[in-house]
Amino acid sequence: MWIRKTHTTSDRIVMEEPRVSIIGLGQVGMALLNAFSKCSIEVVSAFNRSGIDPSVKEKFPNFFFGKGFPGQKDPIGDLIIVAVSDDAITEVAKKLSDLLTFDEHKNVIHCSGTHSSEILKPLKEKGGKTASFHPIKAITRNTVSFEDIWFDMEGDEELLKTLEQLAEKLGASSFRVEPEAKPFLHASAVAASNYLVVLADLLSKISALGNIPEHTAIKALAPLMKNTLSNITELGVTDALTGPIARGDVQTIEKHLQSLDSDPKLQALYKTLGREAVQIAERKKGVSPSLSTIKELLS
Ligand SMILES: NC(=O)c1ccc[n+]([C@@H]2O[C@H](COP(=O)([O-])OP(=O)(O)OC[C@H]3O[C@@H](n4cnc5c(N)ncnc54)[C@H](OP(=O)(O)O)[C@@H]3O)[C@@H](O)[C@H]2O)c1
């Protein structure tokens, strides 16, 4: 195990820090590199298929950077993070299993939300420990921190204990997930992030029908979206629903639908989401004549 007991004090075990190598310096690889350097996690090397941007080498003069893949003589950590595109993980795992020597002290993880650690099988068969360690965050070139986020993870239990500590060191939290549940969790994460963008696009388009510019609409409605998110977190989904459907205000919904007459596609989307809102309202308050009328209007 790469986190080894170095010594014990009276009430706690003090452990050695991980020594990390990163394969793939895309958005996630770079974000991890930046975050590790800020919280003193030792990065011994990083490799990228198409080479390393000179500005990265300048920023981290003490790290070993390599183009392509690690060779036997290159410095390599005991935690190897495969941060390549999902579709490349199988190929990269195979390459690493051919290029490096593995034993129980070598640990390999990937960051994919959909794939489980099963995809790293060639490395496990050579004696390494494997896991998936997925940051539930939209990561861009500007991401330098993993604070206050959650990682889902599965794989070798001993390695998971270590990754739990790694997440803590990054200021994040972690939880274990069954390998079979990963695609469900990832689909939810995509809905949470990407479909929020779709929702912002919807509200911009609806506002635009009233000649309200996108930047005004987003500026005015973003605090409402944030407040609703706080309500969802504090009260749960059902109790967080407010507004005309939750109140059963039939005339308000009629007016909305009339104002969307000029754009049948937007109106259809408003109706589809509205029907979901009716179901939540019925869960909250039970079936009522006004909700039944709204349901008909939205059908
Ligand atoms: N971005 C996110 O929001 C996010 C969030 C959570 C998890 N993840 C996961 O993190 C992983 C990396 O995603 P990313 O967003 O960092 O992707 P990315 O920015 O597109 O970077 C992809 C990286 O993979 C390398 N790569 C692609 N094909 C390769 C191959 N055949 N052999 C070797 N290297 C190859 C690329 O190298 P080149 O530079 O040479 O092309 C690049 O370093 C994925 O598993 C993804 O699911 C992403």
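The shown structure was predicted, so the numbers you read here are calculated from the model rather than taken from an experiment.

Take the overall build of the chain next. Helix and strand counts for the chain come out as 12 helices and 10 strands. For 299 residues, the compact-globule formula gives about 19 Å, and the C-alpha radius of gyration of the chain, at 25 Å, lies well above that figure. In the chain, buried positions account for 41% of the 299 residues. Surface accessibility of the chain: about 16600 Å² in total, with carbon and sulfur atoms responsible for 54%.

The next thing to look at is the layout of surface pockets. Quantified by volume, the second largest pocket comes out at close to 300 Å³. Along the walls of the second largest pocket sit 17 residues, with Asn48, Arg49, Val84, Ser85 and Ala88 positioned nearest its centre. Element by element, the count of residues in the lining of the second largest pocket is highest for helix H3 (residues 89–99), at three residues.

Structurally, glycine 71 is set in the loop between strand E5 (64–67) and strand E6 (79–82). Classification of glycine 71 by relative accessible area gives partly exposed; the value is 23%.

What follows deals with the site of the ligand. Taken together, 23 residues lie around the ligand, and Val28, Asn48, Arg49, Ser50 and Asp86 are the ones closest in. The backbone of serine 85 places a nitrogen or oxygen atom 3.3 Å from an oxygen atom of the ligand. Within the side chain of glutamate 91, one N or O atom sits 3.4 Å away from a nitrogen atom of the ligand. With the chains in place, 78% of the 900 Å² that the ligand exposes on its own is no longer accessible. Of all elements in the fold, only helix H1 (27–38), H3 and strand E8 (129–135) reach the threshold of two or more residues within the shell around the ligand.

Glancing now at helix H10 (residues 250–259). If you check which residues of H10 are buried, you get Val250, Ile253 and Leu257. What you see down the axis of H10 is that its buried residues fit within an arc of 65 degrees, all on one side. Along H10, exposed side chains directed more than 90 degrees from the buried face belong to Gln251, Lys255 and Gln258. Among the structural elements, helix H9 (244–247), helix H11 (264–285) and helix H12 (289–297) are those in contact with the buried residues of H10.

Before going further, it helps to examine the sheet that holds E6. Taken in spatial order, the eight strands line up as E5-E4-E3-E6-E7-E8-E9-E10 in an open sheet, and their pairing is mixed. Each having just a single partner strand, E5 and strand E10 (173–176) make up the two edges of the open sheet. Adjacent strand axes in the sheet meet at a mean angle of 25 degrees when their direction is disregarded. In terms of strand pairing, strand E7 (residues 107–110) meets E8 through four bridges, oriented parallel. The residue bridging valine 108 from the neighbouring strand is threonine 130, located in E8. Contacting strand E3 (19–23), E6 and E7, H3 crosses the sheet at an angle of about 150 degrees to E6.

Here we take up H11. Between its first and last C-alpha atoms H11 spans 30 Å; for 22 residues at 1.5 Å apiece the expected length is 32 Å, and the two agree. Within the span of H11, buried status applies to Leu266, Gln267, Tyr270, Lys271, Gly274, Ala277, Val278, Ile280, Ala281 and Glu282. At its buried positions, H11 is contacted by helix H6 (182–209), helix H8 (237–240), H9, H10 and H12.

This part covers the pairing of E6. With burial as the criterion, each face of E6 is covered, one bearing Leu79 and Ile81 and the other bearing Ile80 and Val82. Looking at chain direction, E3 and E6 are connected through four bridges and run parallel. Residue valine 20 lies in a different strand from E6, and its bridge partner there is leucine 79. With four bridges joining them, E6 and E7 adopt parallel strand pairing. Looking across to E7, one finds that valine 82 is bridged to histidine 110. Once you follow E6 into H3 and on to E7, the crossover reads as right-handed.

What counts, and at which threshold
- Residues numbered from 1 in each chain as written.
- Predicted model: local features only at pLDDT ≥ 70, side-chain atom pairs only at ≥ 80, totals over all residues.
- Heavy atoms only, no water.
- Helix = DSSP H or I, 4+ residues; strand = E, 2+ residues; numbered from the N terminus.
- Rg over C-alpha atoms; globule rule 2.2 N^0.38 Å.
- Buried < 20%, exposed > 50% of the residue type's maximum accessible area, 1.4 Å probe, protein only.
- Areas by Shrake-Rupley, 256 points an atom, 1.4 Å probe, with all protein chains shown as cover.
- 1 Å grid on protein atoms, 1.4 Å probe; cavity = no way out; pocket = protein on both sides within 12 Å on 5 of 7 lines; lining within 4 Å.
- Points joined across faces, edges and corners; volume = space filled by probe spheres on them.
- Near = heavy atom within 4 Å.
- Polar contact = N/O pair within 3.5 Å; in protein donor to acceptor, adjacent residues only side chain to side chain.
- Arc of directions from axis to C-beta.
- Contact = heavy atoms within 4.5 Å.
- Pairing = 2+ DSSP bridges.
- Axes fitted to C-alpha atoms, helices over the stretch in contact; angles between N-to-C directions.
- Expected span 1.5 Å × (residues − 1).
- Right-handed = clockwise from strand over helix to strand, strands pointing away.

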